[in-house]
Every structure is written in structure tokens, then in C-alpha cells.
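Here is what each chain is made of, one letter per residue.
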Amino acid sequence: MTRVGIGYDSHRFVAGRPLVLGGVTIPSGRGLAGHSDADAVAHALTDAILGAAGAGNIGQLFPDADPQWKDADSMELLRTAHELVRGRGLTLSQADCSVITEEPRLSAHLGTMAAALASRLGVAQSAISVKAKTNEGMGFIGRGEGLAVIAVAVLEGR
Ligand code: MG
């Protein structure tokens, strides 16, 4: 059986925090606001994996009102979500993520992000794609207020 899920996440840029995307800290004057480390790539992909399995969403699994997830390593939340769906007989066969942001330029970091995601998930790097694009100056992303990520996950299993 093949199952497909989609995930979306957005976070606001703030000064004084590192920018962490796909488990990689990226040189940037600003990071992302959030209860956890605000890794929007990990969050969107977590939701895509959970969605593909019909296993709810990241907010249900790791409520941001729960102090145990404050400053959490989102890559670990992602790994945990994948373990949960593996427990249901499903495994990630492919993922594709698009980061939408005006800045910083991410092209030099996309391969590193894909490798970090594949490593944490225990899948081949060829299974993971990370892309980046701008929003052509439009809307909250265009004004540099924040960024967004869309992810698709394909699970195979019984
Ligand atoms: Mg998030």
C-alpha cells in the first residue's frame, strides 16, 4: 500500500535565535520564533509523515503547551513521528520539501539538509529532496516577516 501526506509550516523571523532548517544551522542574521527550535522543515515533514499514516498532526503529538517540548530538537520529533508510523507497518519511501523564503539564500545548504533528514530518519539520501524558492516579493514571505515550508511524504507498507 502507498500512502501520501502533505505538511505545511510557517514561522516568523526574529532576531537573537539561530536559523535551523532540516537540522542544519544556517548562517543568518535572524532565526525563527517558536516554542521548539522552530525548524519549519522538520515540522512540515513531520506533519506530512503523520498525515500519510492518518496519525494526526505534530501539535497533537508534541503540544507546544507542554514544557517538555520547549526548545525541543525538532529533528528528534521528526524521528519519533517516523518511529510511530513504522510501528503501524509503514515506512518513508520518499519525501519532497519546498522552503519558501526571500532570505537567506539556501541553495548551498539544500544537500546538507537532505543528508541530515535522511540520516535522522534512517532512509537513503536519494529518498529526500529539499528545494528552496522565493515568494517573488509577495505577502508575508515577500516582506521577510517569516518563511514557510511545504512537504510531501510517501509511505509504503502493509
Ligand atoms: Mg512549526
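Refer to the structure above for everything that follows.
Residues numbered from 1 in each chain as written. Predicted model: local features only at pLDDT ≥ 70, side-chain atom pairs only at ≥ 80, totals over all residues. Heavy atoms only, no water.

A. Spatial organisation of the packing of helix α1 (residues 40-53) against helix α3 (residues 74-86). The N-to-C vectors of α1 and α3 enclose an angle of 10 degrees; their axes lie 9 Å apart at closest approach. By the angle between their axes, α1 is roughly parallel relative to α3. Counted together, A42, H43, L45, T46, I49, L50 and A53 of α1 and S74, M75, L77, L78, A81, H82, L84 and V85 of α3 form the full contact between these two elements. Each residue belonging to the contact of α1 with α3 can be placed in one class, and the counts come to 11 nonpolar, four polar and no charged. (Axes fitted to C-alpha atoms, helices over the stretch in contact; angles between N-to-C directions. Helix = DSSP H or I, 4+ residues; strand = E, 2+ residues; numbered from the N terminus. Parallel < 35°, antiparallel > 145°, perpendicular 65-115°, else oblique. Contact = heavy atoms within 4.5 Å. Nonpolar A, V, L, I, M, F, W, Y, C, P; charged D, E, K, R; others polar.)

B. Inspection of the coordination of the magnesium ion at higher detail. Around the magnesium ion, the protein contributes the donor atoms D9 (OD), D9 (OD), H11 (NE2) and H43 (ND1), at 2.2 to 2.8 Å from the metal centre. In the primary sequence, the donor residues of the magnesium ion line up as D-x1-H-x31-H. This pair shows no difference in class: D9 is buried, exactly as H11 is. (Donors = N, O, S within 2.8 Å, 3.2 Å for Na, K, Ca; no water. Buried < 20%, exposed > 50% of the residue type's maximum accessible area, 1.4 Å probe, protein only.)

C. Focus on helix α4 (residues 110-121). With 12 residues, α4 extends 16 Å from end C-alpha to end C-alpha; this agrees with the ideal 16 Å at 1.5 Å per step. Buried within α4 we find L110, M113, A114, L117, A118 and L121. Buried residues of α4, viewed axially, fall in a sector of 130 degrees; they line one side. On its buried face, α4 is in contact with β2 (19-21), β3 (24-26), α1, α3, β5 (90-100) and β6 (128-133). (Expected span 1.5 Å × (residues − 1). Arc of directions from axis to C-beta.)

D. Looking closely at the packing of aromatic side chains. This structure, assessed with the given rule, holds one aromatic pair. Ring plane angle 85 degrees and centroid distance 4.9 Å describe the contact between F62 and W69, whose orientation is recorded as edge-to-face. By relative accessible area, F62 is classed as buried at 8%. According to the relative accessible area criterion, W69 is buried, its value standing at 18%. (Phe/Tyr/Trp six-rings, centres within 6.5 Å; stacked < 30°, edge-to-face > 60°.)

E. Inspection of the side chain of S98 at higher detail. Here S98 is to be found in strand β5. A distance of 3.0 Å separates polar atoms of two side chains, one belonging to S98 and the other to K131. S98 has contacts with K131, A148, V149 and I150, leaving out every residue within four places of it along the chain. (Polar contact = N/O pair within 3.5 Å; in protein donor to acceptor, adjacent residues only side chain to side chain.)

F. Focus on the sheet that holds strand β7 (residues 146-157). Spatially, five strands are ordered β4-β1-β7-β5-β6 in an open sheet, and the strand pairing comes out mixed. A strand with exactly one partner marks an edge of an open sheet, and here the two such strands are β4 (31-32) and β6. The sheet contact formed by strand β1 (residues 2-14) and β7 spans 11 bridges and is antiparallel. Note on β7: the bridge partner recorded for D9 is V149. Relative to β1, α1 is tilted by about 155 degrees, and along the sheet it contacts β1, β5 and β7. (Pairing = 2+ DSSP bridges.)

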